[in-house]
Amino acid sequence: MTGPALEVRRLTVDFAQRSGPRLRAVDDVSLALRSGKTLALVGESGSGKSTIVRALGRLMKPSAGEILLGGKVSTLHRSDVREYRRHVQLVFQDPFASLNPAHTVAHHLARPLLLHGRATRHDVTGKVDELLRSVNLVPAGDVARMYPHELSGGQRQRVAIARALAPAPDVLLADEPVSMLDVSIRLEILNLLDDLKSQRDLAMLYVTHDLATARHFSSEIIVMYRGEIVERGPSDEVILHPAHPYTQLLASAAPMPGATRASLAAARGTRQKARAARDAERREVTVDAGCKFRRRCLHAMPECSTRPCDVETAPGHTARCWLYVKAAPPDADVAAPTRRG
Ligand code: SF4
C-alpha cells in the first residue's frame, strides 16, 4: 500500500454540556497512519487524544471531518463499520475492564476469529493457540482455559492485544496501552507491540503522555493541547528540539539524564508556574479565538490573542506558535527561542 492505511482529515468532535456552549474536544485534526510505522500522539489529560482514538475506532460519531481507510471514505453505515473494524482494531488502557470476567481467554479470542471469518469451528482452537503464542503467552493450551482474574495485568494486556490481532487488522490504535501496568512490564509490552508492528506491517497509533517511550517507539510525534495539534514532526526532532512552549514544558517534566540540582530546581519552578496557570485556566469557562495555551505560556505576547498558524521550524517539523511567525517584540518579558536554521 503506497498511501496511508488510515487517514483522518479535519476531524472535529464537539460535546454538549449541561450548561453553556458545546465543548470542542477535538479541533480540526488531520493525521495519517502508514503501514509499518508508529505515530505517537502525546499530550496531557483532556488534550483530546483518547477522543481521537474513539472517533478513529468508530466508537463515536465525529462532528465534522472524514476518515479514509485505504484511501476510501468510511461511512457510519452498519456494513461499513463492520468491515472497518476488521481492518482497524483497538487496544485499551485498562486490560481488566476490556475483558469479560465471565469468559475464558479462548472465548475472547475465538469470538472475533469466527465473527470476521478468520477461523472455522474446526480450526478455531488451533488459531486461538497461534494468537496466544504470537503474544508470548505459553503454554497456549493452558492459558486459553484461564479466566481474566487468573492472569496478571501484563498477561491480560497480552490477551487484549491478541484479541485485537484476531481479525488480522491493518491498523492498531493503542490508547495508553501500558499506563495501568507495573513499570517493570511496560517495556515488555511496548517491545511486543513494536515487534508485532514490524512482523505484520501494521500502521500503529500510540497514544501516551510519556515523551520518552513516544520517541523510542514511534517515527513521528504529534503533540496535542486542548484538542489542537500544536506541534508535529519526526520523533527525534520533536523531542531533542521541541519548538512549541507546551512541548518544551512537557519535555521539562520528563526525566533528564545528567541533570544538575540547579537545572532540576529551575525546571521545577517552571512547572509550578505552569501548573498554577493551568489551574486558573481550567476555572475559566470562556472559549476564545486565540492560542489556547496563552494563559500558561511564559512567552505569551499580544499577538497570541489571535490564533497562530502552523510554521515549519525544520524540515517536516511544524509548530503552531506566533514565536515562529515573527520575532518576539522587544518588550516581551521572556526572549523568544531561537529559530533553528
Ligand atoms: Fe505561547 Fe503565543 Fe506561542 Fe501560544 S502562540 S504558545 S501563547 S508564544
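See above for the structure.
Please read these numbers as outputs of a predicted model, since none were measured by experiment.

Enquirer: Looking at this structure, I do not really get the environment of Leu131. What am I missing?
Expert: Locating Leu131 in the fold gives a position in helix α4 (residues 124–134). As a C-alpha pair, Leu131 and Val159 span 28 residues in sequence and 8.8 Å in three-dimensional space. With near-sequence residues (within four places) excluded, Leu131 lies in contact with Leu109, Leu113, Ala162, Leu165 and Ala166.

Enquirer: Sorry if this is basic, but what is going on with the sheet that holds strand β8 (residues 203–208) here?
Expert: By definition, the strands of a sheet pair up through backbone hydrogen bonds, in either a parallel or an antiparallel sense. Judged by pairing direction, the sheet is mixed, and its eight strands sit side by side in the order β6-β7-β8-β3-β9-β10-β12-β11 without closing on themselves. Strand pairing shows two members of the sheet lacking a second neighbour, β6 (88–91) and β11 (310–314), which therefore form its edges. Mean inter-strand twist for the sheet, computed between neighbouring axes without regard to direction, equals 20°. The pairing of strand β3 (residues 38–42) with β8 spans five bridges and is classified as parallel. For Leu41, the partnering residue across the bridge sits in β8 and is Val207. Sheet strands touched by helix α1 (residues 49–56): β3, β6, β7 (171–175), β8 and β9 (220–225). Its angle to β8, the strand with the most contacts, is close to 150°.

Enquirer: I keep staring at α1 and nothing clicks. Help me out?
Expert: Three- or four-residue spacings in an α-helix give side chains the same orientation, since the helix completes a turn every 3.6 residues. Among the eight residues in α1, six count as buried, and that is most of the element. Remark: Arg58 follows α1 within two positions and exhibits a positive phi of approximately 60°.

Enquirer: How should I be thinking about helix α7 (residues 183–200) in this particular structure?
Expert: Its 18 residues place the ends of α7 26 Å apart at the C-alpha level, agreeing with the 26 Å of an ideal helix rising 1.5 Å per residue. Along α7, the residues classified as buried are Ile189, Leu190, Leu192, Leu193, Leu196 and Lys197. One side of α7 holds all its buried residues, which, seen down the axis, span an arc of 155°. Summarising the geometry of α7, the exposed residues directed more than 90 degrees from the buried face are Ser184, Ser198 and Gln199. Packing partners of the buried residues in α7 comprise β3, α4, α6 (153–165), β7, β8 and α8 (211–217). Note on α7: the residue one or two positions beyond its end, Asp201, has a positive phi of about 55°.

Cut-offs used in this document
Residues numbered from 1 in each chain as written. Predicted model: local features only at pLDDT ≥ 70, side-chain atom pairs only at ≥ 80, totals over all residues. Heavy atoms only, no water. Helix = DSSP H or I, 4+ residues; strand = E, 2+ residues; numbered from the N terminus. Contact = heavy atoms within 4.5 Å. Pairing = 2+ DSSP bridges. Axes fitted to C-alpha atoms, helices over the stretch in contact; angles between N-to-C directions. Buried < 20%, exposed > 50% of the residue type's maximum accessible area, 1.4 Å probe, protein only. Expected span 1.5 Å × (residues − 1). Arc of directions from axis to C-beta.

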